[in-house]
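Chains, contacts and geometry: an overview
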Amino acid sequence: MRPKILFILMSMVVLSPMAIDIYLSSVPVMAVELQVSAREIQSIITIFFFAMGLGQVIIGPLADRYGRKPFALLGLVVYIISSIICSLAVDLWLIQISRLLQGLAACSISVIIFSVVRDTYSYQRSSKIYSYLNGVLSIVPALAPMFGSFLAGYFGWRSTFVFMAMYAFIVLCLVYVYLPETLQREDVGKTKVQALYNWRRYYSVLVNRYFIFYAVCCMSAMAGILSYVSYAPIWLIEHLQVSQSIFSVLFGLNAVVSIVCCFVAPVMIRKRGNVSVVKIALQLMLGAAILLLCSEWVLNKYESAGVIAALGFMLPISLLSAGLSLLLGPATSMALSQFGDRAATASSLLGFVQMVGASIIVVFMQQSGLQAPLAVSLVLLSLIVPLLAMINMQSFSAWHKEKAVTKDA
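The structure reproduced in this document is the subject of the present report. Keep in mind that this is a model prediction, so the values were computed, not measured. Numbering of residues starts from 1 in every chain and runs along the sequence as written. Only residues with pLDDT of at least 70 are given local features in this predicted model, and only at 80 or more are side-chain atom pairs given and counted; all residues enter the totals for whole chains, interfaces and linings. Derived side-chain values reflect all non-hydrogen atoms in the structure, with water molecules and hydrogen atoms excluded from consideration.

Side note on the overall build of the chain
The condition that has to hold: Under the DSSP-based scheme used, a helix requires at least four consecutive residues in state H or I and a strand at least two consecutive residues in state E, with every element numbered from the N terminus. Exposure categories follow from relative accessible area, calculated using a 1.4 Å probe and restricted to protein chains: below 20% of the type maximum is buried, above 50% is exposed, and the middle band is partly exposed. Any two residues whose heavy atoms approach within 4.5 Å are treated as being in contact. All accessible-area figures derive from a Shrake-Rupley calculation using a 1.4 Å probe, and residue coverage is judged against the displayed protein chains alone.
For the chain, the count of helices and strands is 17 helices and zero strands. Within the chain, the proportion of its 409 residues that are buried is 54%. When contacts within the chain are restricted to residue pairs at least 6 apart in sequence, long-range pairs at least 24 apart make up 87% of them. Counting only carbon and sulfur atoms, one obtains 68% of the accessible surface of the chain, whose full area is about 18,000 Å².

Describing the nonpolar core
Defined as follows: We call a set of buried residues a nonpolar core when its members are Ala, Val, Leu, Ile, Met, Phe, Trp, Tyr or Cys and they connect through side-chain atoms within 4.5 Å of each other.
Counting 137 residues, the largest nonpolar core has Leu236, Phe313 and Leu327 as the members making the most contacts within it. Per-element tally for this core: the top contributor is helix H11 (residues 209-239), with 21 residues. Apart from the residues within four sequence positions on either side, Leu327 is in contact with Cys217, Cys218, Ala221, Val278, Ala281, Leu282, Met285 and Thr332.

A look at the layout of surface pockets
What counts here: Throughout, the protein atoms alone are placed on a 1 Å grid, and a set of points is a cavity if a 1.4 Å probe fits but cannot get out or a pocket if it is open with protein on both sides within 12 Å along at least five of seven lines; lining residues have an atom within 4 Å of a point. Grid points are joined across faces, edges and corners, and a volume is the space filled by probe spheres set on the points.
The volume enclosed by the second largest pocket comes to roughly 220 Å³. Looking at the lining of the second largest pocket, the elements that each hand over two or more residues are helix H4 (38-66) and H11.

Topic: the side chain of Ser25
Within the secondary structure, Ser25 sits in the loop between helix H2 (15-21) and helix H3 (27-34). Assessed through its relative accessible area of 0%, Ser25 is described here as buried. For Ser25, the residues in contact, after removing those within four places along its chain, are Pro145, Gly148, Ser149, Ile237, Gln244, Phe247 and Ser248.

What about the pattern of salt bridges?
Cut-off, in case you're wondering: Salt bridge, as used here, is a side-chain nitrogen of Lys or Arg placed within 4 Å of a carboxyl oxygen of Asp or Glu.
As enumerated under the stated definition, the model contains one salt bridge in all. Arg158 is the partner of Glu33 in a salt bridge, and the nearest nitrogen-oxygen pair spans 3.1 Å. You can see Glu33 sitting in helix H3 and its partner Arg158 sitting in helix H8 (residues 158-178), a full 125 residues away along the chain.

Considering the packing of H11 against helix H14 (residues 307-336)
This is how it is decided: Fitting a line to C-alpha atoms yields each axis, with helices limited to the stretch in contact; the angle taken between N-to-C directions then spans 0 to 180 degrees. Oblique is the label for any angle not covered by the other classes, which are roughly parallel (under 35 degrees), roughly antiparallel (over 145) and roughly perpendicular (65 to 115). Whether a crossing is left-handed or right-handed is set by the direction in which the near helix is turned from the far one by less than a right angle, anticlockwise for left-handed and clockwise for right-handed. Each residue gets one label: Ala, Val, Leu, Ile, Met, Phe, Trp, Tyr, Cys and Pro are nonpolar, Asp, Glu, Lys and Arg are charged, and the others, such as Gly, are polar.
Axis separation between H11 and H14 bottoms out at 9 Å; the angle between their running directions is 155 degrees. It follows that H11 is roughly antiparallel to H14 by the angle criterion. Seen from above, H11 lies across H14 with left-handed handedness. Its residues assigned to classes, the contact of H11 with H14 shows 24 nonpolar, three polar and no charged.

Comments concerning the environment of Ser159
Structurally, Ser159 is set in helix H8. Since its relative accessible area comes to 14%, Ser159 is described here as buried. The sequence separation of Ser159 and Gly148 amounts to eleven residues, and the corresponding C-alpha distance is 8.5 Å.

Points about unusual backbone geometry
Notably, Gln35 is not glycine yet its phi reads approximately 60 degrees, a positive angle. Along the polypeptide, Gln35 turns up in the loop between H3 and H4. Backbone geometry at Gln241 places phi at a positive 60 degrees, although glycine is not the residue there. With respect to the secondary-structure elements, Gln241 resides in the loop between H11 and helix H12 (244-272). The class for Gln241 is exposed, based on a relative accessible area of 61%.

Brief notes about the packing of aromatic side chains
To keep things clear, this is the line we draw: Side-chain rings of Phe, Tyr and Trp, where Trp is taken by its six-membered ring, are said to pair if the distance between their centres is within 6.5 Å; with planes under 30 degrees apart they count as stacked, over 60 as edge-to-face, and otherwise as tilted.
Taken as a whole and judged by the stated rule, the model has twelve aromatic pairs. Residues Phe163 and Tyr167 carry aromatic rings whose centres are separated by 6.5 Å and whose planes lie at 25 degrees to one another, so their mutual orientation is stacked. With Phe163 and Tyr167 both in helix H8, this residue pair falls four residues apart, about one helical turn. Judged by centre distance (5.0 Å) and plane angle (85 degrees), the rings of Phe213 and Tyr214 are edge-to-face.

Concerning H14
In plain terms, the rule: To estimate the expected span of a helix, subtract one from its residue number and multiply by 1.5 Å. Fitting axes to the seven residues ending at a residue and to the seven starting there, one defines the bend at that residue as the angle between these axes.
In a regular helix each residue adds 1.5 Å, so 30 residues correspond to 44 Å; H14 covers 42 Å between its end C-alpha atoms and thus fits that length. Along H14, the largest kink reaches about 35 degrees and is centred on Leu327; proline Pro330 follows within four residues of it.

Section: the environment of Leu206
Looking at the element boundaries, Leu206 is found in helix H10 (residues 199-206). When its relative accessible area of 40% is taken as the criterion, Leu206 is described as partly exposed. Expressed as a C-alpha distance, the spacing of Leu206 and Leu349, which sit 143 residues apart in the sequence, is 7.9 Å. Once residues lying within four places of it in the same chain are set aside, the contact partners of Leu206 are Phe211, Ile212, Leu349 and Val353.

In structure tokens form, the structure reads like this:
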């Protein structure tokens with residue numbers, strides 16, 4: 001039964017990155033067809049991230065009380081419906097509402113995936129299962145834009161959302177038939193005597209400065225990547241005039257950098273420790289911001305366009321992606337290390353801060369009208385410089401210095 005569960009979980013974990021990456025090469029075409037500005041079409045990406053973050057603190061307690069399978073099925077149904085609406089919509093506002101629903105659905109699916117792993121596998125085995133799932137998560141951003149470009153080239157941009165709906169329907173059938181309810185009845189009984197949302201537990205996490213520092217580190221990296229993802233299609237395809245296929249290849253190569261760094265990160269952590277790797281990751285992202293500014297200066301001076309100019313944008317972004325891949329593991333571990341039995345609460349709040357915070361920052365940046373290199377670099381500089389200053393100052397050591405793990409009730 002367990003190999004079957006793993007296969008189902010791997011098929012489910014594809015849905016979130018697919019909803020972000022598969023249609024990216026079609027964004028400029030969508031803006032033209034829907035008769036909206038680039039800034040308005042960028043919103044469908046940030047709305048999705050915002051909804052995924054918001055759902056973190058809503059869905060987890062519900063799944064703990066009422067079971068995993070009902071919310072897996074509900075999430076898949078909403079994912080299908082929202083994808084179909086996106087494929088049929090002729091107004092931006094309808095796509096925005098659908099993407100909000102799709103983000104909540106993707107969040108529900110993700111929460112259930114990791115809950116099922118905790119329910120089904122031992123602590124030692126679960127780390128390997130997470131590695132398999134993270135491997136799938138890393139591969140999808142490399143392949144989805146290329147496949148989406150192929151679909152859009154032959155059938156139009158709406159076909160990418162149709163494909164999402166079709167794939168989710170297949171997963172829905174698998175989950176309905178083969179995924180058992182993994183929440184134990186005795187656990188249901190425990191949660192029913194407790195308040196559904198215990199805000200005191202959330203508050204005790206949010207006022208912890210150790211959690212705040214590393215949550216902001218995660219949020220900063222996510223804001224950088226989200227700004228890149230939301231700006232890249234318009235900047236590369238419309239402004240620098242590269243083809244959809246070249247865009248997909250560049251996006252895929254950048255994803256390969258992330259995959260490599262995901263494998264390198266555990267080795268670096270073993271050799272240098274969590275704090276040191278977080279510092280290196282922040283430095284890489286700072287380097288990305290500086291190179292993006294240099295790239296923008298060169299582009300303006302020589303009025304460059306085409307593949308060479310696109311590489312001038314993507315090479316700094318590869319440093320940003322490397323920094324994100326190196327940072328998330330140790331920063332997440334450090335953020336959660338002080339909470340012991342409240343790890344689930346802290347984890348949901350970390351996801352909330354990371355995604356909702358990044359979404360809000362990028363939405364404000366999109367209102368500035370800055371071009372992609374300047375916008376991404378400004379997001380990074382405004383967040384990374386203060387964090388690096390804190391991590392290098394002894395007076396802030398209580399915010400970031402590695403501590404012994406405690407266990408809270």
